[in-house]
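# Structural characterization, general
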Amino acid sequence: QAKLLGRDQVFYYEPAESDTSTSTYKIEREFLSAIENHEFYLEFQPIIQLSSGAITAAEGLVRWGHPEQGKIAPNTFIPELIKSGYMHKLDIYVAQKALDFIFMWRNLLAKPFRLNINISGAGFNSPNLMDVFNKQFEKDPLILQHLCLEITEQTIVSNVNDTKLTIDSLRKMGIQIALDDFGTGYSSLSYLHQFTFDSLKIDRAFISDLDDEKDNRIILDTIINLARSLDIKTVAEGIETLEQYQYLKTMDCACGQGFYMSRPIGMENLITLLEEGIQF
Ligand code: C2E
Ligand code: MG
Ligand code: MG
Ligand code: MG
């Protein structure tokens, strides 16, 4: 079935040329069979407590192990799934995978360890996703204390009232909520105190220019201080150099992730790092 779908046809979508209905139909078919065949899987990027260098969390990032094209990055297929209305199905699949991971490794995972996953706007307010967590809560609620959902400002903007209610019910179950890509969306500041976030992930745009742009340093300092005053934990994304790591540490940014410490890795490799109690 996958053979029907050339890479160009599906993943490099050009609205001007292609027949929308046909291409949507093909995406649906290929996506549904990929879900059925378990072609989607997670890689894990360690999240490090900057003061100690210890791994306190990991972000699960979805990949499509395509039978012919090999590993496909999420930015390639997620926009297509959003367009075709299937994104919530992938979110549910990823959530289930995350719960399975936590269940399987629960004896190894230290108390504060969290697995973060990304949830799209479509998924976040879907009753089917809430069902997954409600069922888990009835069955084995402690599993949920190891889970953190990352959402973006886009999700909030698309549906302010429902998002607020969803955040509240998830947090009551012990699930944490992180605001992802902070600083790249809209009206960031007003949402910070209207909503309850456990952590705030500072977009890597603010980290990557740290070395040479003084303005970015001022913005970064402001974000960290603001989060501190609101009692929200900061996580810096996209740390690529020792200098960036050290600067964030001196600024008392709580956690960070990035290629400097580790790229996203397979499950076995993450487990090895956790078993060894490695410190970066
Ligand atoms: P994100 O949630 O902001 O995830 C961080 C992205 O930055 C990941 O890309 C990660 O590999 C990359 N990254 C981490 N450290 C560095 C660094 O030091 N330098 C640079 N240049 N990049 C770094 P990835 O895995 O390609 O994911 C891209 C985006 O796709 C994610 O951004 C997220 O928005 C979305 N995504 C990934 N997995 C899922 C998923 O399971 N569900 C949903 N709804 N979205 C997902
Ligand atoms: Mg994320
Ligand atoms: Mg991010
Ligand atoms: Mg991003």
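Rules and cut-offs
Residues numbered from 1 in each chain as written. Chains lettered and ligands numbered in written order. Predicted model: local features only at pLDDT ≥ 70, side-chain atom pairs only at ≥ 80, totals over all residues. Heavy atoms only, no water. Near = heavy atom within 4 Å. Polar contact = N/O pair within 3.5 Å; in protein donor to acceptor, adjacent residues only side chain to side chain. 1 Å grid on protein atoms, 1.4 Å probe; cavity = no way out; pocket = protein on both sides within 12 Å on 5 of 7 lines; lining within 4 Å. Sits in = over half its atoms within 2 Å of the grid points. Helix = DSSP H or I, 4+ residues; strand = E, 2+ residues; numbered from the N terminus. Nonpolar A, V, L, I, M, F, W, Y, C, P; charged D, E, K, R; others polar. Donors = N, O, S within 2.8 Å, 3.2 Å for Na, K, Ca; no water. Salt bridge = Lys/Arg side-chain N within 4 Å of Asp/Glu carboxyl O. Buried < 20%, exposed > 50% of the residue type's maximum accessible area, 1.4 Å probe, protein only. Arc of directions from axis to C-beta. Contact = heavy atoms within 4.5 Å. Pairing = 2+ DSSP bridges. Points joined across faces, edges and corners; volume = space filled by probe spheres on them.

- An unreviewed UniProt entry annotates the protein chain as EAL domain-containing protein of Shewanella atlantica.

## Some thoughts on the site of ligand 1
- Ligand 1 sits among 25 residues. The nearest are R63, N118, D180, E240 and F259.
- In the model, an oxygen atom of ligand 1 is placed 3.0 Å from a nitrogen or oxygen of the D181 side chain.
- Because more than half of its atoms lie within 2 Å of the grid, ligand 1 is assigned to the largest pocket.
- For the shell around ligand 1, the elements supplying multiple residues, two or more each, are β2 (55–66), α3 (74–84), α4 (87–105) and β6 (176–182).
- The biggest single contributor to the shell around ligand 1 is β2, with 4 residues.
- Its residues assigned to classes, the shell around ligand 1 shows 10 nonpolar, 6 polar and 9 charged.

## Digging into the coordination of the magnesium ion (ligand 2)
- Within the protein, the atoms that donate to the magnesium ion (ligand 2) are E59 (OE), N118 (OD1), E150 (OE) and D180 (OD), at distances of 2.0 to 2.3 Å.
- Positions of the donor residues of the magnesium ion (ligand 2), expressed as sequence spacing, correspond to E-x58-N-x31-E-x29-D.
- Between the magnesium ion (ligand 2) and the magnesium ion (ligand 3) the interatomic distance comes to 3.9 Å, and D180 is a ligand of both metals. Of the two residues, E59 is situated in strand β2 and D180 in strand β6; the sequence distance between them amounts to 121 residues.

## Structural notes on the pattern of salt bridges
- Inspection of the entire model under this criterion finds 6 salt bridges.
- A salt bridge links K71 to E43; its shortest N-O distance comes to 2.9 Å. Here E43 lies in strand β1 (residues 40–49) and K71 lies in strand β3 (residues 70–72), a separation of 28 residues in the sequence.
- Put simply, E80 and K83 hold a salt bridge, and the shortest N to O gap is 3.8 Å. With E80 and K83 both in helix α3 and 3 residues apart, the pair spans about one turn of that helix.
- In this structure, a network of salt bridges that share partners links the residues E43, R63 and K71.

## Things to note about helix α13 (residues 267–276)
- What α13 keeps buried is the set L270, I271, L273 and L274. In an axial view of α13, the angular spread of the buried residues amounts to 160 degrees, which keeps them on one side of the axis. In α13, the exposed residues that point more than 90 degrees away from the buried face are E268, E275 and E276.
- Buried-residue contacts for α13 involve β1, β2 and α4.
- One or two positions beyond α13, positive phi appears at G277, with a value near 60 degrees.

## Digging into the pairing of strand β7 (residues 199–202)
- Of the two faces of β7, both are covered, the one formed by S199 and K201 as well as the one formed by L200 and I202.
- Pairing of β6 with β7, which is carried by 3 bridges, proceeds in the parallel orientation. Counted as the bridge partner of A178 is S199 from β7.
- The pairing of β7 with strand β8 (residues 233–236) spans 4 bridges and is parallel. The residue of β8 that forms the bridge with L200 is T234.

## Here we look at the layout of surface pockets
- When its volume is computed, the largest pocket comes out at roughly 1,200 Å³.
- Surrounding the largest pocket, 41 residues form its lining, E59, L61, P74, N75 and N118 being those nearest its centre.
- Where the lining of the largest pocket is concerned, the elements lending two or more residues are β1, β2, α3, α4, β5 (147–151), α7 (153–158) and β6.
- Residues that form the lining of the largest pocket fall into these classes: 15 nonpolar, 13 polar and 13 charged.
- In this structure, the second largest pocket spans a volume of roughly 220 Å³.
- Lining the second largest pocket are 16 residues, with T56, A57, R114, K233 and C255 positioned closest to its centre.
- Those elements that provide at least two residues to the lining of the second largest pocket are β1, β2, β4 (114–118), β6, β7 and β8.
- In terms of residue class, the lining of the second largest pocket is made up of 8 nonpolar, 5 polar and 3 charged.

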